[in-house]
Amino acid sequence: FIDNLSNLKVTNRNLNVTINIIMETTLIEKLDASRYKMILWFTIGWGGWFGAFIAKDLITNTFTIGVLSIFGFVGWALWFVNLLRLIKLGNLIKSDNHLKKALTDELLIHNRDKSIATGFWTFLILTVLFLGLSTFTDISALLVCEAMLFIGVLSTLISSLIYYKQ
């Protein structure tokens, strides 16, 4: 009878370990999926906010500028909320070594590096395009800087979403 009790305890301990592993795996999958959603909404927020910011400089209609201001504020709010959520998730991952190993793997780092390279090359191509365009027409330096910043960051974020899904 005592042997059966000790076997039962071992079985329960193994069952607890199995349940903990399943719970950790589920948590990792949830955090991974939520990270993708945060980056998606972060990208949408950036596009709405900064896109409206640039468009307001190009449009003179007061009603359209008002609509763009509202649209830009909503984009900024999305961007800001998801920025805070990404920071919170990053701190959670950094504080737990098991989560850090599971969620910061080589593929994620490789995809992040490819996304940054995509943004860099986009920025260089835009520089060449704007320099070429400037030989034919006058372009506002402010508009060029804003457009390069907007498209460079947006291309990095969109490529990270694409690489993330692969």
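Residues numbered from 1 in each chain as written. Predicted model: local features only at pLDDT ≥ 70, side-chain atom pairs only at ≥ 80, totals over all residues. Heavy atoms only, no water.

### Let's talk about the side chain of R35
Let me state the cut-off plainly: We count a stretch as a helix when DSSP gives it H or I for four or more residues in a row; a strand needs E for two or more, and each element gets its number in order from the N terminus. For every residue, the accessible area (1.4 Å probe, protein chains only) is compared with the maximum for its type, and the residue is labelled buried under 20%, exposed over 50%, or partly exposed between those bounds. Residues count as neighbours in contact if any of their non-hydrogen atoms are within 4.5 Å of one another.
Along the chain, the position of R35 falls in helix α1 (residues 2-58). R35 gets classed as buried once you look at its relative accessible area, which sits at 11%. If we ignore the near neighbours within four places in the chain, the residues touching R35 are L86, L89, I93, L103, L108 and Y164.

### Observations concerning the environment of N111
Position of N111 among the secondary structure elements: in helix α4 (residues 106-134). Sequence spacing of N111 and S159 is 48 residues, and the spatial spacing of their C-alpha atoms is 8.8 Å. Setting aside residues up to four positions removed in sequence, N111 forms contacts with Y163 and Y164.

### Brief notes about a nonpolar patch on the surface
Where we set the bar: Exposure above 30% relative accessible area and the absence of a salt bridge qualify a residue for a patch, where like charges join within 9 Å and nonpolar side chains (Val, Leu, Ile, Met, Phe, Trp, Tyr) within 5 Å. Method for areas: the Shrake-Rupley scheme with a 1.4 Å probe, in which residue coverage is limited to the protein chains shown. The salt bridge criterion pairs a side-chain nitrogen of Lys or Arg with a carboxyl oxygen of Asp or Glu, the two atoms within 4 Å.
A cluster of nonpolar side chains, namely I70, F73, V74, W76, F80, L84 and I87, defines an oily patch on the protein surface of about 670 Å² accessible area. Turning to its location among the elements, W76 is positioned in helix α2 (residues 62-95).

### Considerations on the packing of α4 against helix α5 (residues 141-165)
Filter applied, for reference: All axes are obtained by fitting lines to C-alpha atoms, using only the stretch in contact for helices, and the reported angles, taken between N-to-C directions, cover 0 to 180 degrees. Throughout this description, any angle smaller than 35 degrees is read as roughly parallel, any larger than 145 degrees as roughly antiparallel, any in the 65 to 115 degree range as roughly perpendicular, and the remainder as oblique. For a crossing to be left-handed, the near helix must be turned anticlockwise from the far one by less than a right angle; the clockwise case is right-handed. Side-chain classes follow a simple rule in which Ala, Val, Leu, Ile, Met, Phe, Trp, Tyr, Cys and Pro form the nonpolar group, Asp, Glu, Lys and Arg form the charged group, and the remainder, Gly included, forms the polar group.
At a closest axis distance of 8 Å, the pairing of α4 and α5 adopts a crossing angle of 150°. As summarised for this structure, α4 and α5 are arranged roughly antiparallel, according to the angle between their axes. As for how α4 packs across α5, the hand of that crossing is right-handed. Taking contact as the criterion, the partners of L108, N111, K114, S115, I116, T118, G119, T122, F123, L126, T127 and F130 in α4 are, on α5, V144, A147, M148, L149, I151, G152, S155, T156, S159, S160, Y163 and Y164. Partitioned by chemical class, the residues of the contact of α4 with α5 number 12 nonpolar, 11 polar and 1 charged.

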